[in-house]
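# Overview (structure and organization)
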Amino acid sequence: MIRTEQDIINATCIYIARKRQVKPEDVEVELMFDDDYGFSAEVFVNDRKQVLTHGNLIEALRLWLEEFLNRDPYAGIQLVLDDEEGIIALIN
């Protein structure tokens, strides 16, 4: 299964909203890729910035898979930088 960049952003919004006890709509996410550091995201809530690591993004996707797609949250998840689609998730 392939999940889009928007799906990853949505999952991250829900993940952060639960941790910060805010609405998912109050969370802004910018996904990033760096050759040295890999995948990460900048998250903004109430004018405060937080940087999420690759592991945090996988954790967010696991939550989303289980609760919104009723899928195995421990399926293999791989983040990939696609030339056309941006950052996508490949899920086994």
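Residues numbered from 1 in each chain as written. Predicted model: local features only at pLDDT ≥ 70, side-chain atom pairs only at ≥ 80, totals over all residues. Heavy atoms only, no water.

## Here we look at the packing of aromatic side chains
- Tallying each qualifying case throughout the model produces one aromatic pair.
- For the pair Phe33 and Phe39, a centre-to-centre distance of 4.8 Å together with 55 degrees between the ring planes defines the contact as tilted. (Phe/Tyr/Trp six-rings, centres within 6.5 Å; stacked < 30°, edge-to-face > 60°.)

## Here's the deal with the sheet that holds strand 2 (residues 27–34)
- Reading across from one edge, 2-3-4 is the order of the three strands in this open sheet, with antiparallel pairing throughout. Single-partner strands in this sheet number two, and they are strand 2 and strand 4 (48–52). Across the sheet, the axes of successive neighbouring strands diverge by a mean angle of 20 degrees, strand direction being ignored.
- In this structure, strand 2 lies alongside strand 3 (residues 38–45), joined through eight bridges in antiparallel fashion. Following the sheet pairing, Glu28 is matched in strand 3 by Phe44.
- Its contacts with the sheet put helix 1 (residues 5–20) on strand 2, strand 3 and strand 4, and the angle it makes with strand 2 is roughly 125 degrees.
- The strands touched by helix 2 (residues 54–68) within the sheet are strand 2, strand 3 and strand 4, with strand 3 carrying the most contacts at an inclination of about 70 degrees. (Pairing = 2+ DSSP bridges. Helix = DSSP H or I, 4+ residues; strand = E, 2+ residues; numbered from the N terminus. Axes fitted to C-alpha atoms, helices over the stretch in contact; angles between N-to-C directions. Contact = heavy atoms within 4.5 Å.)

## Comments concerning the nonpolar core
- Val27, Val29, Leu31, Leu61 and Leu79 are the most contacted members of the largest nonpolar core, which totals 29 residues.
- Ranked by the residues each element gives to this core, the list is headed by helix 1, at eight residues.
- Sequence-distant contacts of Leu61, defined by excluding residues within four places in its chain, comprise Ile8, Ala11, Ile77, Leu79 and Ala89. (Core = buried A, V, L, I, M, F, W, Y, C linked by side-chain atoms within 4.5 Å. Buried < 20%, exposed > 50% of the residue type's maximum accessible area, 1.4 Å probe, protein only.)

## Concerning the pattern of salt bridges
- A full pass over the atoms with the stated rule returns three salt bridges.
- Here Glu67 makes a salt bridge to Arg18, at a shortest N to O gap of 2.6 Å. Here Glu67 is found in helix 2, whereas its partner Arg18 is found in helix 1, with 49 residues between them in sequence.
- What makes Arg18 partly exposed here is its relative accessible area of 45%.
- A salt bridge links Lys49 to Glu42; the shortest N-O distance between them is 3.3 Å. (Salt bridge = Lys/Arg side-chain N within 4 Å of Asp/Glu carboxyl O.)

Interpretation in functional terms is not warranted from these geometric data alone.
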